[in-house]
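# Results of the structural survey
Each chain is listed here by its residues.
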Number of protein chains: 2
Amino acid sequence: MHAPIAFSGSHVDRADHIRNDPAALDALKTWQARLLRMDGLDPVLTLESTLDWGSLADAAPDSELVFLGLDGERGCFAEVRKSYPSGSPHAGPASWNAMAVLEAGELAAYGGARSLVGWHSRHRFCAVCGSATVLAKGGWQRNCTNADCKAEHFPRVDPVTIMTVECDGKLLLGRQPRFPAGRYSALAGFVEPGETIEEAVAREVFEEAGVRARDVEYVISQPWPFPSSLMIGCHAFADDPAIVMDETEMEDVRWFTREEVTEALEATERGEQGRAFGAPPKTAVAHALLRWWVARGA
Amino acid sequence: MHAPIAFSGSHVDRADHIRNDPAALDALKTWQARLLRMDGLDPVLTLESTLDWGSLADAAPDSELVFLGLDGERGCFAEVRKSYPSGSPHAGPASWNAMAVLEAGELAAYGGARSLVGWHSRHRFCAVCGSATVLAKGGWQRNCTNADCKAEHFPRVDPVTIMTVECDGKLLLGRQPRFPAGRYSALAGFVEPGETIEEAVAREVFEEAGVRARDVEYVISQPWPFPSSLMIGCHAFADDPAIVMDETEMEDVRWFTREEVTEALEATERGEQGRAFGAPPKTAVAHALLRWWVARGA
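Residues numbered from 1 in each chain as written. Chains lettered and ligands numbered in written order. Predicted model: local features only at pLDDT ≥ 70, side-chain atom pairs only at ≥ 80, totals over all residues. Heavy atoms only, no water.

## Focus on the side chain of S63 of chain A
Residues and elements named next belong to chain A. Examined against the element boundaries, S63 turns out to sit in the loop between β4 (53-54) and β5 (64-71). When its relative accessible area of 15% is taken as the criterion, S63 is described as buried. A polar atom in the side chain of S63 sits 2.7 Å from the side chain of E79. Here S63 is in contact with E79, V80 and R81, once residues within four sequence places are set aside. (Helix = DSSP H or I, 4+ residues; strand = E, 2+ residues; numbered from the N terminus. Buried < 20%, exposed > 50% of the residue type's maximum accessible area, 1.4 Å probe, protein only. Polar contact = N/O pair within 3.5 Å; in protein donor to acceptor, adjacent residues only side chain to side chain. Contact = heavy atoms within 4.5 Å.)

Below, the structure written as structure tokens:
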């Protein structure tokens, strides 16, 4: 139905049965095992623009190892260094470059590893009692070392709704102050405890644009590893186009015609900015949402 | 499109602008404010089977207060006590009773509060550095008190895929050892870092049943506050019905005919167990998935 979205389609088999089998896991830690080389949380690429897989000998002696899965019969690992990786949890230049040049399956393998390593780096202590935690189950869990607590902690995946809204054949898009000049994209926000995906979509659209959304439809999802979002792309309709913008989060929110959206997407293909606005980058789920809306027709 | 699912449709307005406005938040902490009374994480009901809302005077002096939102102009709060609420993060008898007797909007208000209070109770310490954390932004954040760290932490929402799979007109359901006798339900599992919703569905179905799923379709979502799941209900198809069951997680996995599923749902309405199997309870998203499949027809 959809072309593969960026960060999906990893070739690495998660092989979750091995995570729960310490002997099987140890048996994979041989000279044949692959270690995904990273620079903090950033990807390291070869001259051929592939991921740079080394061997376990490349890991620091005091690093924890995360089992990413199997490549054929070889174990694939990532390293959690004792020192916290420097840099921002958001996508930086090295990540944007990786999105531009990496083969889809490799980009997905990197994205999953980045989310996991970032999570480990920020969860060295138990949120329940404050004691140290240690990696468990091949890196898909951390356990509290305090015998009176023993809390188990699991990697975060944070669901985020991102949505286009249609009214009178036009599409609602907005720009945040941090966007590149001219860029408009789909509104978005984290799903909160106690709400459905559909409720989260309606709440975000009302909070950010003052627009009442109805008939929310799921379109596409994407793992976005900055740091650990699950983007849930939706489309909705509105009956009243009057906008009351959230001035604290948004710099502008407005309606764009189908022609303007189509032209902006075509301009992106040429590496240019559209006449009415700059479309979100091709690797972003917002880009896929705009393409979906244009392809669906009026 | 769907009847409201349990734990959705809260009447409490989240009013997120107030979370970021300490003065507005303080102004709501009056004798008119409502405090949701809870027994640990369990709901407390009145004799009329409604939620038992007290006043802020009912809170312990050293409790932290979570701002749930507005009921009209009155602030609604929940209490995070210094002592960890006893009991399991899973649904117990008091929660199942609340699901049976509470009005939908009230059940949703309780569910959201339960997830939030449970999260606070288990995040009194900073996962980055181990220092104490304090409640911030009306309870929608916790901040590390270590001036060298200052990490910000946000409530968890854990996306879970739950799916029916169809092959030759039959539906794939399974039972875990902890299920009541005779109960079968949709397979399910957490979305992991680095995968789409559709990839998570295919992985879970293969892991638990050895069945290859294709054409995954989103159907419905539900917040499930035990402790903080976002259930993402999907349907998929399979071409090969051969089952290879995961013996560690599942007790049985099998295919049921449309007639068997229909009869099991009808039996649930009468408070009985179906002839072929017992359907999941009406408040579970799995029940809605089965109803959706039967209503869609062959």
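## Considerations on the interface of chain B and chain A
Each partner contributes to the interface: chain B provides 46 residues, whereas chain A provides 46 residues. Of the roughly 3800 Å² buried between chain B and chain A on both sides combined, carbon and sulfur atoms contribute 55%. Looking only at chain B, the three residues that lose the most surface to chain A are R14, R156 and P193 of chain B, adding up to 17% of its buried area. Connecting chain B to chain A are six salt bridges. The salt bridge partner of E192 of chain A is R14 of chain B, with a shortest N-O separation of 2.8 Å. Summed over the shared surface of chain B and chain A, the number is 26 residue pairs in polar contact (both at pLDDT 80 or more). Taken together, the elements giving at least two residues each to the side of chain B that touches chain A come down to α1 (16-19), α4 (104-121), β10 (158-167), α5 (197-209), β13 (213-224) and β14 (229-238) of chain B. It is α5 of chain B that provides the largest number of residues to the side of chain B that touches chain A, a total of five residues. Grouping the constituent residues of the side of chain B that touches chain A by class yields 21 nonpolar, eleven polar and 14 charged. (Buried area = accessible area lost by both parts, 1.4 Å probe. Salt bridge = Lys/Arg side-chain N within 4 Å of Asp/Glu carboxyl O. Nonpolar A, V, L, I, M, F, W, Y, C, P; charged D, E, K, R; others polar.)

## Considering the relation of the copies chain B and chain A
Take chain B, turn it by 180 degrees, move it 0.0 Å along the axis, and it overlays chain A with an RMSD of 0.0 Å. Accordingly, the operation relating the two chain copies is best matched by a two-fold axis. When each C-alpha of chain B is compared by its distance to the rotation axis, G130 of chain B comes out closest, at 2.2 Å. Comparing interface residues between copies, 100% of those in chain B also sit at the interface in chain A, which points to an isologous, same-surface contact. (Least-squares fit on C-alpha atoms with pLDDT ≥ 70 in both.)

## Some words on the domain arrangement of chain A
Residue and element names in this part refer to chain A. The domains assigned to chain A are domain 1 (16-122), domain 2 (126-155) and domain 3 (158-296). Computed over C-alpha atoms only, the centres of domain 1 and domain 2 are separated by 21 Å. Residue-level contacts link eleven residues of domain 1 with eleven residues of domain 2. In total, domain 1 and domain 2 occlude about 1000 Å² of area from one another, counting both sides; carbon and sulfur atoms represent 62% of this. Looking at the side of domain 1 facing domain 2, the largest losses of area belong to R19, W119 and H120, adding up to 52% of the total buried there. Joining domain 1 to domain 2, the criterion identifies one salt bridge. Its salt-bridge partner being E64, residue R142 comes within 2.8 Å of it at the nearest N-O pair. If you look at where domain 1 meets domain 2, you find seven residue pairs in polar contact (both at pLDDT 80 or more). Mapped by element, the contributors of at least two residues to the side of domain 1 that touches domain 2 are β5 and α4 (104-121). (Domains from an automatic or database assignment.)

## Structural notes on the pairing of strand β5 (residues 64-71) of chain B
Residue and element names in this part refer to chain B. Among the eight residues that make up β5, seven are buried, leaving the element largely enclosed by the rest of the structure. Sheet analysis places β5 next to strand β6 (residues 74-80), joined by seven bridges and oriented antiparallel. Bridge assignment links D71 to a residue of β6, and that residue is R74. Turn length for the β5-β6 hairpin, with the two strands adjacent in sequence and antiparallel, is two residues, and the turn residue G72 shows positive phi of about 65 degrees. (Pairing = 2+ DSSP bridges.)

## Some thoughts on helix α7 (residues 285-296) of chain B
Residues and elements named next belong to chain B. For α7, with twelve residues, the first-to-last C-alpha span of 16 Å sits near the 16 Å given by 1.5 Å per residue. The set of residues buried in α7 consists of V285, A286, H287, L289, L290, W292 and W293. Contact partners of the buried residues in α7: β10, β11 (170-175), β13, β14 and α6 (258-269). (Expected span 1.5 Å × (residues − 1).)

## Focus on the side chain of T133 of chain A
Mapped onto the elements of the fold, T133 of chain A is located in strand β7 (residues 133-136). There is a polar contact of 2.9 Å between the side chain of T133 of chain A and the side chain of R142 of chain A.

## Section: the sheet that holds strand β8 (residues 141-144) of chain A
Residue and element names in this part refer to chain A. Pairing is antiparallel across the open sheet formed by three strands, whose spatial order is β7-β8-β9. Edge positions in the sheet fall to β7 and β9 (152-153), since each has one partner strand and no second. Relative to β8, β7 is paired through four bridges, and the arrangement is antiparallel. Looking at the pairing, A136 lines up with Q141 of β8.

## Considering the sheet that holds β5 of chain B
Either a parallel or an antiparallel arrangement is found when strands of a sheet pair, and the pairing is made through backbone hydrogen bonds. All names here are of chain B. Taken in spatial order, the four strands of this open sheet run β4-β1-β6-β5, and their pairing is mixed. Unpaired on one side and paired on the other, β4 (53-54) and β5 mark the two borders of the sheet. The pairing of strand β1 (residues 34-36) with β6 spans two bridges and is parallel. Of the residues in β6, the one forming a bridge with R34 is C76. Seen against the sheet, α4 touches β1, β4, β5 and β6 and runs at an angle of roughly 45 degrees to β6. (Axes fitted to C-alpha atoms, helices over the stretch in contact; angles between N-to-C directions.)

## Digging into the packing of helix α6 (residues 258-269) of chain A against helix α7 (residues 285-296) of chain A
Geometry of a packed helix pair, given as the angle between the helix axes and the separation of the axes. All names here are of chain A. Packing of α6 against α7 leaves a shortest axis separation of 10 Å and a crossing angle of 130 degrees. Looking at the two axes, α6 sits oblique to α7. Of the two possible hands of crossing, α6 and α7 adopt the one that is left-handed. Note on element contacts: α7 touches α6 through H287, L290, R291, W293 and V294, opposite R258, V261, T262, L265, T268 and E269. Its residues placed into classes, the contact of α6 with α7 shows five nonpolar, three polar and three charged. (Parallel < 35°, antiparallel > 145°, perpendicular 65-115°, else oblique. Left-handed = near helix turned anticlockwise from the far one by under 90°.)

## Quick word on the pairing of strand β15 (residues 252-256) of chain B
Residues and elements named next belong to chain B. Of all five residues making up β15, four are buried, and the element is well covered by its neighbours. Note that β11 and β15 share five bridges and pair antiparallel. Bridge pairing in β15 places L171 opposite F256.

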